[in-house]
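Remarks on the overall topology
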Amino acid sequence: MKVSEILKTDNVTISCEMFPPKKVILLDKYKETAATMAALKPSFLSCTYGATGGTSDYTVEIAETINACGVPAVAHLTCASSTKEKVRSVIGELKDRHIENILALRGDIPENADFPLPDQYHHAVELIEEIKQSGGDFCIGAACYPEGHPEAASVEEDLVHLKEKVDAGVDYLTTQMFFDNNIYYNFMFKALRHGINVPVVPGIMPVTNANQIKRIGTLSGNLVPPKFLRIVERFADNPDAMKQAGIAYATEQIIDLVANGVNHIHIYSMNKPDVLEAIFNNLSDIYVRE
(Lines give C-alpha, C1' and ligand atoms only; values in the text may rest on other atoms or scores of the structure.)
Protein backbone atom coordinates (compact mmCIF):
# COMPACT_ATOMS: atom_id res chain seq x y z
CA MET A 1 0.00 0.00 0.00
CA LYS A 2 1.23 3.48 -0.81
CA VAL A 3 1.94 5.95 1.98
CA SER A 4 0.02 8.61 0.07
CA GLU A 5 -3.13 6.50 0.49
CA ILE A 6 -2.47 5.96 4.20
CA LEU A 7 -2.12 9.70 4.76
CA LYS A 8 -5.55 10.37 3.26
CA THR A 9 -7.33 8.93 6.30
CA ASP A 10 -8.62 11.14 9.08
CA ASN A 11 -7.61 8.51 11.63
CA VAL A 12 -4.42 8.83 13.62
CA THR A 13 -1.54 6.99 11.97
CA ILE A 14 1.87 6.34 13.48
CA SER A 15 4.75 5.10 11.38
CA CYS A 16 8.29 4.30 12.43
CA GLU A 17 11.80 3.86 11.13
CA MET A 18 14.67 1.42 11.45
CA PHE A 19 18.17 1.18 10.02
CA PRO A 20 19.92 -1.71 8.22
CA PRO A 21 23.01 -3.60 9.40
CA LYS A 22 26.51 -2.73 8.24
CA LYS A 23 27.54 -6.37 7.90
CA VAL A 24 25.80 -9.22 6.14
CA ILE A 25 26.33 -11.49 9.15
CA LEU A 26 23.81 -9.34 11.04
CA LEU A 27 21.18 -9.27 8.31
CA ASP A 28 19.01 -12.06 9.69
CA LYS A 29 19.05 -10.44 13.14
CA TYR A 30 17.91 -7.13 11.66
CA LYS A 31 15.19 -8.88 9.70
CA GLU A 32 13.97 -10.27 13.02
CA THR A 33 13.92 -6.72 14.40
CA ALA A 34 11.90 -5.63 11.38
CA ALA A 35 9.41 -8.44 11.98
CA THR A 36 9.15 -7.56 15.67
CA MET A 37 8.47 -3.92 14.86
CA ALA A 38 5.98 -4.86 12.15
CA ALA A 39 4.11 -7.04 14.65
CA LEU A 40 3.40 -3.87 16.67
CA LYS A 41 1.33 -2.71 13.67
CA PRO A 42 2.71 0.69 12.75
CA SER A 43 0.93 2.36 9.86
CA PHE A 44 4.07 1.88 7.78
CA LEU A 45 7.71 1.10 8.50
CA SER A 46 10.68 2.64 6.75
CA CYS A 47 14.26 1.45 6.49
CA THR A 48 17.13 3.89 6.09
CA TYR A 49 19.72 3.58 3.33
CA GLY A 50 23.29 2.58 4.00
CA ALA A 51 25.35 4.50 1.50
CA THR A 52 28.58 2.53 1.75
CA GLY A 53 29.50 -1.08 1.08
CA GLY A 54 26.62 -3.49 0.63
CA THR A 55 24.23 -1.91 3.09
CA SER A 56 22.10 -0.38 0.35
CA ASP A 57 21.24 -3.93 -0.69
CA TYR A 58 20.30 -4.73 2.89
CA THR A 59 17.81 -1.84 2.82
CA VAL A 60 15.99 -3.48 -0.06
CA GLU A 61 15.97 -6.87 1.67
CA ILE A 62 14.64 -5.45 4.93
CA ALA A 63 11.96 -3.49 3.07
CA GLU A 64 10.89 -6.73 1.41
CA THR A 65 10.75 -8.40 4.85
CA ILE A 66 8.55 -5.58 6.16
CA ASN A 67 6.14 -5.97 3.25
CA ALA A 68 6.03 -9.72 3.84
CA CYS A 69 4.95 -9.02 7.44
CA GLY A 70 1.88 -7.19 6.16
CA VAL A 71 3.08 -3.65 6.89
CA PRO A 72 3.72 -1.17 4.04
CA ALA A 73 7.46 -0.66 3.63
CA VAL A 74 9.29 2.53 2.73
CA ALA A 75 12.81 2.15 1.39
CA HIS A 76 15.09 5.15 1.83
CA LEU A 77 17.26 5.96 -1.16
CA THR A 78 20.16 8.41 -1.12
CA CYS A 79 22.35 9.55 -3.98
CA ALA A 80 25.35 11.44 -2.55
CA SER A 81 27.50 8.33 -2.24
CA SER A 82 26.25 6.46 -5.28
CA THR A 83 26.66 6.70 -9.01
CA LYS A 84 23.63 7.31 -11.19
CA GLU A 85 24.00 3.75 -12.46
CA LYS A 86 23.86 2.36 -8.91
CA VAL A 87 20.80 4.48 -8.05
CA ARG A 88 18.98 3.27 -11.17
CA SER A 89 19.88 -0.30 -10.29
CA VAL A 90 18.38 0.06 -6.79
CA ILE A 91 15.22 1.67 -8.19
CA GLY A 92 14.85 -1.27 -10.56
CA GLU A 93 15.30 -3.75 -7.71
CA LEU A 94 12.68 -1.98 -5.60
CA LYS A 95 10.29 -2.16 -8.52
CA ASP A 96 11.00 -5.86 -9.06
CA ARG A 97 10.38 -6.61 -5.38
CA HIS A 98 7.07 -4.70 -5.38
CA ILE A 99 8.20 -2.05 -2.89
CA GLU A 100 5.91 0.87 -3.64
CA ASN A 101 7.33 3.62 -1.41
CA ILE A 102 10.65 5.43 -1.60
CA LEU A 103 11.96 8.21 0.62
CA ALA A 104 14.27 10.16 -1.69
CA LEU A 105 17.24 11.89 -0.03
CA ARG A 106 20.50 13.39 -1.11
CA GLY A 107 22.19 11.91 1.93
CA ASP A 108 25.33 12.97 3.75
CA ILE A 109 28.32 13.87 1.63
CA PRO A 110 31.17 11.46 2.40
CA GLU A 111 34.21 12.96 4.10
CA ASN A 112 37.19 13.72 1.84
CA ALA A 113 35.03 13.15 -1.23
CA ASP A 114 34.85 15.18 -4.43
CA PHE A 115 31.12 15.83 -4.65
CA PRO A 116 29.41 15.80 -6.96
CA LEU A 117 31.21 13.80 -9.61
CA PRO A 118 29.84 13.82 -13.17
CA ASP A 119 28.11 10.48 -12.63
CA GLN A 120 26.33 11.57 -9.43
CA TYR A 121 23.14 13.48 -8.70
CA HIS A 122 23.75 16.87 -7.11
CA HIS A 123 20.52 17.27 -5.16
CA ALA A 124 17.54 15.26 -3.94
CA VAL A 125 15.32 16.95 -6.54
CA GLU A 126 17.31 15.22 -9.30
CA LEU A 127 16.83 11.87 -7.57
CA ILE A 128 13.10 12.54 -7.33
CA GLU A 129 12.96 13.28 -11.04
CA GLU A 130 14.83 10.04 -11.78
CA ILE A 131 12.37 8.01 -9.69
CA LYS A 132 9.41 9.67 -11.43
CA GLN A 133 10.87 8.78 -14.83
CA SER A 134 11.63 5.17 -13.88
CA GLY A 135 8.13 3.91 -14.63
CA GLY A 136 7.88 2.29 -11.23
CA ASP A 137 4.73 4.10 -10.09
CA PHE A 138 6.27 4.77 -6.70
CA CYS A 139 4.92 6.90 -3.89
CA ILE A 140 7.77 9.33 -3.24
CA GLY A 141 8.52 10.95 0.08
CA ALA A 142 11.19 13.50 0.90
CA ALA A 143 12.69 15.12 3.97
CA CYS A 144 12.15 18.62 5.32
CA TYR A 145 13.79 20.59 8.09
CA PRO A 146 11.56 22.69 10.37
CA GLU A 147 14.63 24.42 11.80
CA GLY A 148 16.22 24.83 8.36
CA HIS A 149 18.68 22.58 6.57
CA PRO A 150 22.16 22.94 8.10
CA GLU A 151 23.59 23.88 4.70
CA ALA A 152 20.93 26.47 3.84
CA ALA A 153 21.66 30.16 4.32
CA SER A 154 18.21 30.67 5.83
CA VAL A 155 14.92 28.89 6.46
CA GLU A 156 13.40 30.86 3.57
CA GLU A 157 16.07 29.60 1.16
CA ASP A 158 15.50 26.07 2.40
CA LEU A 159 11.75 26.40 1.76
CA VAL A 160 12.40 27.51 -1.82
CA HIS A 161 14.37 24.31 -2.41
CA LEU A 162 11.70 22.28 -0.63
CA LYS A 163 9.07 23.65 -3.01
CA GLU A 164 11.26 22.49 -5.89
CA LYS A 165 11.14 18.95 -4.51
CA VAL A 166 7.36 19.10 -4.17
CA ASP A 167 7.01 20.43 -7.71
CA ALA A 168 9.23 17.56 -8.94
CA GLY A 169 6.64 15.06 -7.75
CA VAL A 170 6.92 14.44 -4.02
CA ASP A 171 3.77 12.92 -2.50
CA TYR A 172 4.53 13.71 1.15
CA LEU A 173 7.25 15.05 3.42
CA THR A 174 8.67 13.82 6.71
CA THR A 175 10.34 16.30 9.03
CA GLN A 176 13.66 16.09 10.74
CA MET A 177 13.21 15.46 14.47
CA PHE A 178 12.26 18.38 16.71
CA PHE A 179 11.67 18.64 20.44
CA ASP A 180 9.41 21.68 20.61
CA ASN A 181 6.12 21.35 18.74
CA ASN A 182 5.93 25.10 18.17
CA ILE A 183 8.81 24.66 15.74
CA TYR A 184 6.62 22.36 13.64
CA TYR A 185 3.57 24.63 13.83
CA ASN A 186 5.61 27.66 12.76
CA PHE A 187 7.21 25.68 9.96
CA MET A 188 3.82 24.61 8.62
CA PHE A 189 2.68 28.22 8.43
CA LYS A 190 5.77 29.13 6.40
CA ALA A 191 5.49 26.03 4.20
CA LEU A 192 1.89 26.80 3.27
CA ARG A 193 2.91 30.36 2.47
CA HIS A 194 5.38 28.90 -0.06
CA GLY A 195 2.67 26.76 -1.66
CA ILE A 196 3.85 23.50 -0.11
CA ASN A 197 0.56 21.65 0.20
CA VAL A 198 1.49 17.96 0.41
CA PRO A 199 1.16 16.15 3.77
CA VAL A 200 3.98 17.00 6.16
CA VAL A 201 4.49 14.22 8.70
CA PRO A 202 6.23 15.34 11.90
CA GLY A 203 9.18 13.23 12.99
CA ILE A 204 9.47 12.48 16.70
CA MET A 205 12.54 10.90 18.29
CA PRO A 206 12.22 9.37 21.75
CA VAL A 207 15.50 10.22 23.49
CA THR A 208 16.12 7.36 25.88
CA ASN A 209 19.70 8.06 26.92
CA ALA A 210 21.59 11.25 27.62
CA ASN A 211 24.29 10.61 25.01
CA GLN A 212 21.70 10.90 22.25
CA ILE A 213 21.19 14.57 23.07
CA LYS A 214 24.88 15.30 22.58
CA ARG A 215 24.93 13.53 19.21
CA ILE A 216 21.70 15.20 18.06
CA GLY A 217 23.00 18.67 18.89
CA THR A 218 26.31 18.02 17.16
CA LEU A 219 24.92 16.44 14.01
CA SER A 220 21.77 18.42 13.32
CA GLY A 221 21.84 21.54 15.44
CA ASN A 222 18.34 20.91 16.75
CA LEU A 223 17.01 23.24 19.37
CA VAL A 224 16.63 21.32 22.62
CA PRO A 225 14.16 23.23 24.81
CA PRO A 226 14.97 23.91 28.47
CA LYS A 227 12.11 21.65 29.54
CA PHE A 228 13.78 18.66 27.97
CA LEU A 229 17.27 19.64 29.07
CA ARG A 230 16.03 19.59 32.65
CA ILE A 231 14.79 16.04 32.12
CA VAL A 232 18.20 14.99 30.81
CA GLU A 233 20.01 16.71 33.68
CA ARG A 234 17.76 15.05 36.24
CA PHE A 235 17.83 11.49 34.87
CA ALA A 236 21.07 11.23 32.88
CA ASP A 237 22.72 9.01 35.49
CA ASN A 238 19.72 6.70 35.83
CA PRO A 239 19.32 4.83 32.51
CA ASP A 240 15.93 3.28 33.35
CA ALA A 241 14.50 6.61 34.52
CA MET A 242 15.94 8.42 31.47
CA LYS A 243 14.33 5.86 29.16
CA GLN A 244 10.98 6.23 30.90
CA ALA A 245 11.19 10.03 30.83
CA GLY A 246 12.17 10.05 27.15
CA ILE A 247 9.22 7.85 26.24
CA ALA A 248 6.90 10.07 28.27
CA TYR A 249 8.22 13.24 26.58
CA ALA A 250 7.78 11.78 23.09
CA THR A 251 4.28 10.61 24.03
CA GLU A 252 3.42 14.10 25.24
CA GLN A 253 4.66 15.59 21.96
CA ILE A 254 2.48 13.20 19.97
CA ILE A 255 -0.61 13.88 22.10
CA ASP A 256 -0.16 17.63 21.62
CA LEU A 257 0.22 17.20 17.85
CA VAL A 258 -2.91 15.07 17.60
CA ALA A 259 -4.85 17.47 19.81
CA ASN A 260 -3.94 20.22 17.35
CA GLY A 261 -5.21 18.28 14.34
CA VAL A 262 -1.97 16.61 13.22
CA ASN A 263 -3.09 13.02 12.67
CA HIS A 264 -0.01 11.48 11.06
CA ILE A 265 3.15 10.96 13.11
CA HIS A 266 6.51 9.35 12.33
CA ILE A 267 8.71 7.95 15.12
CA TYR A 268 12.48 7.63 14.77
CA SER A 269 12.53 4.45 16.82
CA MET A 270 16.21 3.58 16.29
CA ASN A 271 15.65 -0.21 16.07
CA LYS A 272 14.09 -0.26 19.54
CA PRO A 273 10.81 -2.19 19.42
CA ASP A 274 10.42 -1.90 23.20
CA VAL A 275 10.43 1.89 23.00
CA LEU A 276 7.92 1.84 20.15
CA GLU A 277 5.67 -0.58 22.03
CA ALA A 278 5.75 1.59 25.16
CA ILE A 279 4.65 4.64 23.17
CA PHE A 280 1.90 2.66 21.42
CA ASN A 281 0.66 1.45 24.81
CA ASN A 282 0.61 5.03 26.07
CA LEU A 283 -1.55 5.93 23.07
CA SER A 284 -3.75 2.84 23.06
CA ASP A 285 -7.00 4.80 22.75
CA ILE A 286 -5.53 7.47 20.45
CA TYR A 287 -3.74 5.28 17.94
CA VAL A 288 -6.00 2.29 17.42
CA ARG A 289 -4.08 -0.48 15.69
CA GLU A 290 -6.13 -2.76 13.47
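Everything that follows concerns the structure shown earlier in this document.
Calculation notes
- Residues numbered from 1 in each chain as written.
- Predicted model: local features only at pLDDT ≥ 70, side-chain atom pairs only at ≥ 80, totals over all residues.
- Heavy atoms only, no water.
- Helix = DSSP H or I, 4+ residues; strand = E, 2+ residues; numbered from the N terminus.
- Polar contact = N/O pair within 3.5 Å; in protein donor to acceptor, adjacent residues only side chain to side chain.
- Phe/Tyr/Trp six-rings, centres within 6.5 Å; stacked < 30°, edge-to-face > 60°.
- Patch = residues over 30% accessible without salt bridge, like charges linked within 9 Å, V, L, I, M, F, W, Y side chains within 5 Å.
- Areas by Shrake-Rupley, 256 points an atom, 1.4 Å probe, with all protein chains shown as cover.
- Salt bridge = Lys/Arg side-chain N within 4 Å of Asp/Glu carboxyl O.
- Buried < 20%, exposed > 50% of the residue type's maximum accessible area, 1.4 Å probe, protein only.
- Core = buried A, V, L, I, M, F, W, Y, C linked by side-chain atoms within 4.5 Å.
- Contact = heavy atoms within 4.5 Å.
- Pairing = 2+ DSSP bridges.
- Right-handed = clockwise from strand over helix to strand, strands pointing away.

**As for the environment of Y287**
With respect to the helices and strands, the residue Y287 is situated in the segment after helix 11 (273-282). A C-alpha to C-alpha distance of 8.1 Å links Y287 and N11, two positions 276 residues apart in sequence. Looking at Y287, its side chain comes within polar contact range of the main-chain nitrogen of S43, at 3.1 Å.

**Some points on the packing of aromatic side chains**
In total, this model carries 7 aromatic pairs according to the counting rule given. Seen in terms of ring centroids, Y184 and Y185 are 6.0 Å apart; in terms of plane orientation they differ by 70 degrees. Their pairing is edge-to-face. Through successive ring pairs, a cluster of aromatic residues spans F178, Y184 and Y185.

**Details of a nonpolar patch on the surface**
Together, V24, I25 and L26 give the surface a local cluster of nonpolar side chains, amounting to about 310 Å² of exposed area. On the secondary structure map, V24 appears in the loop between strand 1 (13-18) and helix 2 (27-39). Judged by relative accessible area, which is 57%, V24 ranks as exposed.

**Side note on the nonpolar core**
By size, the foremost hydrophobic cluster in this structure holds 69 residues, and its most contacted members are L77, I131 and L173. Setting aside its immediate chain neighbours within four residues, L77 contacts Y49, V87, V90, I91, I102, L103, A104, L105, L127 and I131. I213, F228, Y249 and Y268 belong to the second-largest nonpolar core, a separate cluster that totals 14 residues.

**So, the pairing of strand 3 (residues 73-78)**
A large share of strand 3 lies buried, amounting to 6 of its 6 residues. Along strand 3, one buried face is formed by A73, A75 and L77 and the opposite face, lined by V74, H76 and T78, is buried too. Across 3 bridges, strand 2 (residues 45-47) lies against strand 3 in parallel orientation. Within strand 3, the residue paired with S46 across the bridge is V74. Bridging between strand 3 and strand 4 (residues 101-105) involves 5 bridges; their strand directions are parallel. Residue pairing for strand 4: H76 is matched across the bridge by L103. Handedness of the crossover joining strand 3 and strand 4 through helix 4 (residues 84-96): right-handed.

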